[in-house]
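Observations on the model geometry
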Amino acid sequence: MLSNHELDKLVICKKCATLHKKIILASKTKAICTTCHSTLYRKHEDLLNKSLALSVTTLIFFITANLFPIVTIDFAGSVNGITLSSVFLTMFDKQFYFAGIFSAFVIFLLPLTLIVNFVILLLFMKLKINERAVKKMLVLLSTLLPWNMVEIFLISILVAMVKLIGYAEINFGISFWALVLFVFIDMYMTKNISMIALWGMKERIYER
Ligand SMILES: [Zn+2]
């Protein structure tokens, strides 16, 4: 039997299940499986600072996206500004409670919880404090991430707008562009910052 400490020095290839000994990588390099040549892991350059900067940026874009109308629609002289929150508040008004709760969750509660969780978690790691809370937040993050579908919401806004072209004059506001940037950074982070890397980072930071 190997001890946990010895197991930490090994890495298994996800494609072919070959066991490898972990090595320390030089910057901008990756470890490749000797059997099937798939990537085992990469050297993350300053992952903590980069992720912290990105998550603070997404928080700013998210707040901006919520402050002003996303679009203003000029329909035969009557101008309507649509904000993110008006999307689900209107549904409540019209008594579509289920749809209202669902969209409030997808476009507001979930993204807000994710970003705030991310910012606090990375700040704690940066300051090397509160390991127990960091652990809990990492677990919460893995539970919530699969529900993150704000990009689908952005696409549905665009589809709705395209349908209105020709009937009304549509103007995209500053909040729309903030939302677009928010979705792009969100997608970039989801693709590039893996839960494995975050857990690994936590281990390295608190074991010292
Ligand atoms: Zn392999």
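Since the model is a prediction, treat every value here as computed from it, not as a measurement.

1. A short note on the nonpolar core
Counting residues in hydrophobic clusters, the biggest one holds 25 residues, and the most contacted among them are Ile70, Leu84, Leu179 and Phe182. Mapped by element, the contributors of at least two residues to this core are helix H2 (47-67), strand E5 (71-75), helix H3 (84-93), helix H4 (97-127), helix H6 (150-164) and helix H7 (174-192). Top element by residues in this core is H7. It accounts for 6 residues.

2. Quick look at the coordination of the zinc ion
For the zinc ion, the full set of protein donor atoms is Cys13 (SG), Cys16 (SG), Cys33 (SG) and Cys36 (SG), and the range of their distances to it is 2.2 to 2.4 Å. Note that the zinc ion binds 4 donor atoms; their angles at the metal cover 102 to 115°, and the shape is tetrahedral. All donors to the zinc ion come from one chain, and their sequence spacing reads C-x2-C-x16-C-x2-C. Of this pair, Cys16 sits in the loop between strand E1 (10-12) and strand E2 (19-21) while Cys33 sits in the loop between strand E3 (30-32) and strand E4 (39-42), and the two are 17 residues apart along the sequence. Owing to a relative accessible area of 0%, Cys33 belongs among the buried residues under this scheme.

3. Considering the side chain of Thr58
Assignment of secondary structure puts Thr58 in helix H2. For Thr58, a relative accessible area of 3% gives the class buried. Apart from residues lying up to four places away in sequence, Thr58 is in contact with Ile115, Phe182, Ile185, Asp186 and Met189.

4. Topic: the packing of aromatic side chains
Applying the stated criterion across every chain yields a total of 7 aromatic pairs. Ring centres of Phe88 and Phe108 lie 6.3 Å apart, and the angle between their planes is 45°; on these two criteria the pair is classed as tilted. One end of the pair, Phe88, is in helix H3; the other, Phe108, is in helix H4, with 20 residues separating them in the sequence. The class of Phe88 is buried, set by a relative accessible area of 11%. By relative accessible area, which is 29% here, Phe108 ends up partly exposed. Within the aromatic cluster, the residues linked to one another by ring pairs are Phe62, Phe88, Phe108 and Phe182.

5. So, a nonpolar patch on the surface
On the surface, Ile63, Leu67, Phe68 and Ile174 cluster together into a nonpolar patch covering about 400 Å² of accessible area. Within the element layout of this structure, Ile63 appears in helix H2. Overall, the relative accessible area of 43% leaves Ile63 in the partly exposed class.

What counts, and at which threshold
- Residues numbered from 1 in each chain as written.
- Predicted model: local features only at pLDDT ≥ 70, side-chain atom pairs only at ≥ 80, totals over all residues.
- Heavy atoms only, no water.
- Core = buried A, V, L, I, M, F, W, Y, C linked by side-chain atoms within 4.5 Å.
- Buried < 20%, exposed > 50% of the residue type's maximum accessible area, 1.4 Å probe, protein only.
- Helix = DSSP H or I, 4+ residues; strand = E, 2+ residues; numbered from the N terminus.
- Donors = N, O, S within 2.8 Å, 3.2 Å for Na, K, Ca; no water.
- Tetrahedral: all angles 85-135°; square planar, octahedral: opposite > 155°, others 65-115°.
- Contact = heavy atoms within 4.5 Å.
- Phe/Tyr/Trp six-rings, centres within 6.5 Å; stacked < 30°, edge-to-face > 60°.
- Patch = residues over 30% accessible without salt bridge, like charges linked within 9 Å, V, L, I, M, F, W, Y side chains within 5 Å.
- Areas by Shrake-Rupley, 256 points an atom, 1.4 Å probe, with all protein chains shown as cover.
- Salt bridge = Lys/Arg side-chain N within 4 Å of Asp/Glu carboxyl O.

Function-wise, these values are silent; they only describe arrangement.
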